[in-house]
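What the coordinates show
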Amino acid sequence: MSTPDVPRQGIHITEVGLRDGLQNEAVVLSTDQKLSLARALMAAGVREFEATSFVSPRAVPALADAADMMAALRREMSGLHLSALVPNVRGAERAMQAGVDSVVLFVSASESHNAKNVNRRVAESLAGFEQIARLLEGTGVALRGAIATAFGCPFEGNVSVDAVADIARRFADLGATHLSLGDTTGMATPPLVTERVTRLRDAAPDLPLTLHFHNTRGIGLANVMQGLALGVDRYESSIGGLGGCPFAPGASGNIATEDLAYLLEEMGLETGLDVERLIEAAGRASDLMGRPLPGQVSRAGARLALSACDTVPTARGEA
Ligand code: ZN
C-alpha cells in the first residue's frame, strides 16, 4: 500500500470513551468512577476529551451527571480541551454554563437514524443549529460538527456522499472549527473513507476533518490507515474500545484508544500518548465495567512487551 500523504506531524486523538463509550454501556458509572478513569487517561497523556453529553438525563441516564463531570475534570487538570455533545439550545446553554471548550452539534446523514436519535428531520436539526451558533458567537466556545451514520445507516443501508457533503457545507457556513465523520454502527470501509474524505475536502475545504470509527466489524484500524494515507490527522477513539452499538447487541464499540496509539506509534507518528499507560487505563475501564473490553493491545501488551522465556512451555507444536 502506498501512503504518500501520511501526516508527518503529530496526530490528534480525542478520547470519547467518557461519552460515546459510556453512553452505550449497560453499567452506569458514578462521577467519581468516571473521574478515576479520566485520571488514568490523563496519566497516559490524554488532554482532549469528549467529556459528556448535555442531553436529557432520562434519555441517557449514564450521562446525567454532565455538569458535575465537567466541573470534576476542570478541577483535576488545567489545559484540557473538553467538548460535549448538545442536542438543542437548552443543552448548549447548560454546556456553556458548565465551561466546555467546544460544543459538538450532531446530525445523522440519514433521515431514519436522525429520527430515531433526536426525533427530528435532518433539515430541522440543521435549522436548530443556527440558533445555537448565534448563542456561541463571541463567547470563545468553539462549535464542532459531527455527522452520524456518515458511512452507512443501520436502517437505510448506504448513505449518499451528497447528503454528507451537504451537511458539511452547512457546518462550514455555521462557522464550525472541525467536522467529525461518525461511523456510528461500524459500516465504514477503506473505499468509503477515500470517497467521503475526498468529496468533503471539495465541499468544505477549510473544515478540518476528524474520523470517528467504530470497530463493529473489525476493520476500524484499516479505516484509520486509509485516513492516514489521505493525510487525515485527527481521530476519535475510546479507551478499551468501550461502548457498543445500540442496534447490534453484543457488537463492539469505538476503536480502542490504546490500539490506535499503538498503531500510530509503530508508524512513527507522534500522538503524545503513552501506550503502556493507556493499557493501564484500559484495565481500569475494564474493572469499572466489570467485563473484558474489546481492545486488543491490552491483552498481549505492546509489540516489544516480552514474555519471560521460562514461563512458556516448549514443544507445543504451534506454528
Ligand atoms: Zn461513535
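First things first, this report covers the structure right here in the doc.

Definitions and cut-offs
Residues numbered from 1 in each chain as written. Predicted model: local features only at pLDDT ≥ 70, side-chain atom pairs only at ≥ 80, totals over all residues. Heavy atoms only, no water. 1 Å grid on protein atoms, 1.4 Å probe; cavity = no way out; pocket = protein on both sides within 12 Å on 5 of 7 lines; lining within 4 Å. Points joined across faces, edges and corners; volume = space filled by probe spheres on them. Helix = DSSP H or I, 4+ residues; strand = E, 2+ residues; numbered from the N terminus. Nonpolar A, V, L, I, M, F, W, Y, C, P; charged D, E, K, R; others polar. Buried < 20%, exposed > 50% of the residue type's maximum accessible area, 1.4 Å probe, protein only. Contact = heavy atoms within 4.5 Å. Donors = N, O, S within 2.8 Å, 3.2 Å for Na, K, Ca; no water. Axes fitted to C-alpha atoms, helices over the stretch in contact; angles between N-to-C directions. Parallel < 35°, antiparallel > 145°, perpendicular 65-115°, else oblique. Left-handed = near helix turned anticlockwise from the far one by under 90°.

Comments concerning the layout of surface pockets
The volume enclosed by the second largest pocket comes to roughly 220 Å³. Lining the second largest pocket are 17 residues, with Asn215, Leu221, Asp259, Pro294 and Gln296 positioned closest to its centre. When residues of the lining of the second largest pocket are assigned to their parent elements, the largest contribution, 3 residues, is made by helix 10 (residues 257-266). Per-class residue counts for the lining of the second largest pocket are 8 nonpolar, 8 polar and 1 charged.

Brief notes about helix 10
Among the 10 residues that make up helix 10, 7 are buried, leaving the element largely enclosed by the rest of the structure. Among the residues of helix 10, those classed as buried are Thr257, Glu258, Asp259, Leu260, Ala261, Leu263 and Leu264. Elements in contact with the buried residues of helix 10: strand 1 (12-15), helix 9 (220-229), strand 8 (234-237), helix 11 (275-289) and helix 12 (297-300).

Examining the coordination of the zinc ion
Note on the zinc ion: its protein donors are Asp20 (OD), His212 (NE2) and His214 (NE2). The metal-donor distances range over 1.9 to 2.1 Å. Judged by its relative accessible area of 5%, histidine 214 is buried.

Quick notes on the packing of helix 10 against helix 11
Axis separation between helix 10 and helix 11 bottoms out at 9 Å; the angle between their running directions is 170°. In terms of axis orientation, helix 10 runs roughly antiparallel to helix 11. Regarding helix 10 and helix 11, the two cross each other, and that crossing is left-handed. Counting all contacts with helix 10, which are made through Thr257, Glu258, Ala261, Tyr262 and Glu265, the residues of helix 11 involved are Val275, Leu278, Ile279 and Ala282. In terms of residue class, the contact of helix 10 with helix 11 is built from 6 nonpolar, 1 polar and 2 charged.

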